[in-house]
Amino acid sequence: MSETFEAKAWVLGDDIDTDIILPTEYLALKSVEDMKPYAFSPLRPELAGLIKPGDMIVAGKNFGCGSSREQAPEVVKALGISCVVAKSYARIFFRNAINNGLLLIENPDLHDDITEGDTVMVTPGEKIEYNGKQYEIAELPDNLMEILNAGGLVKAMRKKNGLE
Amino acid sequence: MGMTLAEKIIARAAGVEATKAGNIETVTLDKLMSNDGTTHLTIDMYNKLKNPHIADVSKLVWIVDHNIPADSPKTAASHMKMRDFARENGITYYEGEGVCHQVMMEKHVNPGELIFGADSHTCAYGALGAFGTGVGCTDYLYAMVTGTSWLLVPETLRFNLHGRLNKGVYARDLILTIIGRIGANGANYKAMEFAGDGLKTLSIADRISICNLCVEAGAKTALMEVDEIAEEYLEAHGRKGQGTRFRSDEDSVFAETYEIDLSEIRPIVAKPHFVDNVVPVEEVKGTKIDEAFLGSCNNGRIEDLRVGAEIIKGKKVADKVRFLVVPASRDVYRQAMDEGLLDIFMEAGAMVMNPNCSVCWGSCQGVIGEGETLISTGTRNFKGRAGHKDSFVYLASAATVTASAIAGEIIAAQM
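Predicted, not measured: the structure shown is a model, and the values here were computed from it. (Residues numbered from 1 in each chain as written. Chains lettered and ligands numbered in written order. Predicted model: local features only at pLDDT ≥ 70, side-chain atom pairs only at ≥ 80, totals over all residues. Heavy atoms only, no water.)

(A) Structural context of the overall build of chain B. Scanning chain B from terminus to terminus reveals 13 helices and 18 strands. The C-alpha extent of chain B, read off along each of the three principal axes, is 60 × 50 × 40 Å. Within chain B, the proportion of its 415 residues that are buried is 63%. Pairs at least 24 residues apart make up 76% of the contacts formed inside chain B by residues separated by at least 6 positions. (Helix = DSSP H or I, 4+ residues; strand = E, 2+ residues; numbered from the N terminus. Buried < 20%, exposed > 50% of the residue type's maximum accessible area, 1.4 Å probe, protein only. Contact = heavy atoms within 4.5 Å.)

(B) Quick peek at the overall build of chain A. The secondary structure content of chain A amounts to eight helices and seven strands. Over its C-alpha trace chain A gives a radius of gyration of 15 Å, about what one expects of a compact globule, namely 15 Å for 164 residues. Counting every position in chain A, which comprises 164 residues, the buried fraction comes to 57%. Counting contacts in chain A only where the partners sit at least 6 residues apart, residues at least 24 apart contribute 67% of the total. Just so you have it, chain A exposes about 6600 Å², and 47% of that area is on carbon and sulfur atoms. Of note, chain A has its 17 positive side-chain charges centred 5 Å away from the centre of its 26 negative side-chain charges. (Rg over C-alpha atoms; globule rule 2.2 N^0.38 Å. Areas by Shrake-Rupley, 256 points an atom, 1.4 Å probe, with all protein chains shown as cover. Lys, Arg positive; Asp, Glu negative; His and termini not counted. Charge placed at Lys NZ, Arg CZ, Asp CG, Glu CD.)

(C) Inspection of the sheet that holds strand β4 (residues 104-106) of chain A at higher detail. Residue and element names in this part refer to chain A. Pairing is mixed across the open sheet formed by seven strands, whose spatial order is β4-β3-β2-β1-β5-β6-β7. On the outer flanks of this sheet lie β4 and β7 (133-136), each paired with one strand and no other. Taking each pair of neighbouring strands and ignoring which way they run, the sheet shows an average axis angle of 30°. Bridge count between strand β1 (residues 5-11) and strand β5 (residues 119-123): four bridges; the pairing is antiparallel. Residue pairing across strands places Glu6 opposite Met121, the latter belonging to β5. (Pairing = 2+ DSSP bridges. Axes fitted to C-alpha atoms, helices over the stretch in contact; angles between N-to-C directions.)

(D) How the structure looks around helix α6 (residues 171-182) of chain B. Residues and elements named next belong to chain B. Helix length check: α6 (twelve residues) gives 17 Å between terminal C-alpha atoms against 16 Å at 1.5 Å per residue, within 8%. With respect to burial, α6 is a largely interior element, nine of its twelve residues being buried. Turning to α6, its buried residues number three or more, namely Ala171, Arg172, Asp173, Leu174, Ile175, Leu176, Ile178, Ile179 and Ile182. Once α6 finishes, Gly183 follows within two positions and takes phi at roughly 90°, a positive value. (Expected span 1.5 Å × (residues − 1).)

(E) Molecular detail of the interface of chain A and chain B. With 40 residues of chain A at the contact, the number on the chain B side is 42 residues. For the chain A face of the interface with chain B, the top three residues by lost area are Arg91, Arg95 and Met157 of chain A, together amounting to 21%. Taken together, chain A and chain B are joined by two salt bridges. One salt bridge in this structure joins Arg95 of chain A and Asp139 of chain B, with 2.7 Å as the shortest N-O distance. On the surface where chain A and chain B come into contact, there are 18 residue pairs in polar contact (both at pLDDT 80 or more). Where the side of chain A that touches chain B is concerned, the elements lending two or more residues are α1 (18-21), α4 (71-78), α5 (91-99) and α8 (153-160) of chain A. The leading source of residues in the side of chain A that touches chain B is α5 of chain A, at six residues. A class-by-class count of the residues in the side of chain A that touches chain B yields 17 nonpolar, twelve polar and eleven charged. (Buried area = accessible area lost by both parts, 1.4 Å probe. Salt bridge = Lys/Arg side-chain N within 4 Å of Asp/Glu carboxyl O. Polar contact = N/O pair within 3.5 Å; in protein donor to acceptor, adjacent residues only side chain to side chain. Nonpolar A, V, L, I, M, F, W, Y, C, P; charged D, E, K, R; others polar.)

(F) Fine view of the packing of helix α10 (residues 302-312) of chain B against helix α11 (residues 330-338) of chain B. Residue and element names in this part refer to chain B. Following both chains from N to C, one finds α10 and α11 inclined at 35°, their axes separated by 9 Å at the closest point. Where α10 crosses over α11, the two elements pack in a sense that is right-handed. Only Val332, Gln335 and Ala336 of α11 make contact with α10, whose side of the interface consists of Ile302, Leu305 and Arg306. Of the residues assigned to the contact of α10 with α11, the class counts are four nonpolar, one polar and one charged. (Left-handed = near helix turned anticlockwise from the far one by under 90°.)

(G) Unusual backbone geometry, seen in detail. Across the junction of Ile68 of chain B and Pro69 of chain B, the peptide omega takes the value -5°, indicating a cis bond. Along the chain, Pro69 of chain B turns up in the loop between β3 (60-64) and α3 (73-89). At the junction of Pro272 of chain B and His273 of chain B, the peptide bond is cis and its omega measures out at 0° in the coordinates. One can find His273 of chain B in the loop between β12 (268-270) and β13 (278-280). Non-glycine residue Asp15 of chain A carries a positive phi angle of around 50°. Along the chain, the position of Asp15 of chain A falls in the loop between β1 and α1. Taking the relative accessible area as the measure of exposure, Asp15 of chain A reaches 9% and is therefore buried.

(H) Structural context of the pairing of strand β10 (residues 221-224) of chain B. All names here are of chain B. Side chains of β10 alternate between two faces, with Thr221 and Leu223 and Ala222 and Met224 buried alike. Looking at chain direction, strand β9 (residues 191-195) and β10 are connected through four bridges and run parallel. Bridge pairing links Ala191 to Thr221 in β10. For the crossover from β9 across helix α7 (residues 204-212) to β10, the handedness is right-handed. (Right-handed = clockwise from strand over helix to strand, strands pointing away.)

(I) Local environment of the nonpolar core. Ranked by size, the top nonpolar core spans 100 residues in total, and within it Phe40 and Phe63 of chain A together with Trp62 of chain B carry the most contacts. Ignoring anything within four residues of it in the chain, the contact list for Trp62 of chain B reads Ser34, Thr39, Ile43, Met82, Phe85, Ala86, Ile91, Thr92, Tyr93, Tyr94, Tyr140 and Met144 of chain B. By size, the runner-up hydrophobic cluster in this structure holds 66 residues, among which are Cys65 of chain A together with Leu202, Val226 and Leu395 of chain B. (Core = buried A, V, L, I, M, F, W, Y, C linked by side-chain atoms within 4.5 Å.)

(J) The confidence of the model for chain B, seen in detail. When pLDDT is averaged across chain B, the result is 97; 100% of the residues are at 70 or more. Confidence metrics for the complex model read pTM 0.96 and ipTM 0.91. (pLDDT = per-residue confidence, 0-100.)

(K) Representation of helix α8 (residues 228-236) of chain B. Residue and element names in this part refer to chain B. Buried residues of α8: Ala230, Tyr233 and Leu234, and no others. Seen end-on, α8 carries its buried residues on one side only, within an arc spanning 100°. Projecting away from the buried face of α8 at angles above 90 degrees are the exposed residues Glu232 and Ala236. Considering only its buried residues, α8 is in contact with α4 (100-107) and α7. (Arc of directions from axis to C-beta.)

(L) Broad picture of the environment of Pro23 of chain A. Residue and element names in this part refer to chain A. Tracing the sequence through the fold places Pro23 in the loop between α1 and α2 (32-35). Once the C-alpha coordinates of Pro23 and Thr119 are considered, the two residues, 96 residues apart in sequence, prove to be 29 Å apart. Those residues in contact with Pro23, other than ones at most four positions away along the chain, are Tyr38, Ser41, Pro42 and Arg69.

(M) View of the sheet that holds β3 of chain B. All names here are of chain B. Spatially, five strands are ordered β4-β3-β2-β5-β6 in an open sheet, and the strand pairing comes out parallel. Edge positions in the sheet fall to β4 (92-95) and β6 (131-134), since each has one partner strand and no second. Looking at each pair of strands side by side, their axes are set apart by 20° on average, direction ignored. Judged from the three bridges that link them, strand β2 (residues 31-35) and strand β5 (residues 114-117) form a sheet pairing that is parallel. Residue pairing for β5: Lys31 is matched across the bridge by Ile115.

Here's what the structure looks like:
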């Protein structure tokens, strides 16, 4: 998890809420795979189709505010998003993302500097590099890293059960 | 150094003498509420575990409210899964009884309890001095099978309320004003505690409305200490003396303290597409509406229906406007029926629906189309929240919503 990776950035604004990430009308779809095309659709209907596995999202403050629907972080993860870098996160979304193995990074500056489509170097728990500039990021505590590395809380529990 | 109400509840649930903001505690949950928004996902994950079992089934309460009655084969299948699992495992289960938080307040929440709800508006339980917090279905599952979870002890924002609200101004106006002031993430990770002599002027219905909306400021929970008004409510609902009463110590530390003069609050509207996008009603006066909604866990109680009925009595819903009235629970529905309120609404041309989440969450019923505008006592006005992505939701009090339903445009009620 602490290995450096490269990701193409998709840039969103402040207060990206859970109804934007996945609107209510698609929650009843059978699987998260079926939900993928509708992620972020109220804001940018084309976006889900453009995101490639390994890409990242860079957003402003309060990312994931609103509902506790876990389909929101699930669908972001299912699109192959490697990490989200935002100025801040709403707390329920933060827990849900970790529990689904989606890496969230908090940084106050990257969003102000970045241009959509640019490539960013990410070293989880250590730093982000972009356009010759380095951005410090915090380390996540061991117990959360354990959940992230397992790919989510249920997978971590299954691992403890000897099922994975 | 003293402890806050939030710290005391977490310390009790963690079995430690004291804790403070910033600590991470492992807590034993007192109750675990889940609804049909995500319970089917919890069950799927549960079935993937090895020899899973429920730590204490007596703590689980499952409530079908988001899509009741089922509106498609998909939601029917999700309900069947939830119903069968609840029956097989002996889980307390409600279907058609009301919106989950209202049912919890009427039947289950006790002071001092630590409650997880797989729904963001679980913070409503603070109206009875309980620490309710919203979680996702994975956190819920973990708590369901282990009986425990971890919690970061939150800092507390304290709101001292003074005086009383003027006639025609409601708890909804107060909490929207506060959210407008501190912003949609102004209380992120924090507890919002309400106190002061002004609190004594607010009913339990008002208090639920206030606590319920605190998640729209990012709060982890909302809290109020139990007083005689809360005790009366508990007694009237058969739970006299249950739970534990805590209060913040005189010398407890608050991250921020706000003094709020209730007499200064005015009727407020939250404009599309954010709950903190608030303005006085006059500023959006004349905005044409297509639909009005009186209901939800925020404003579907008997007190709200009385406000609406008084305003609409003898009048008619505007031409081309749909007015949905949705009592928050079966008890509220029956009381409104006994008091003749439902008759008043129907006489005026409103549609009275069964208790459920309705258009507040943009599914099941009342969904609005492209370019349409809804004025609502619901909880959120995010883009697309009530239906089409290009539609508009304004949030306001029961009085403003009802007056607007009659006028066909946004207007403050003449009280």
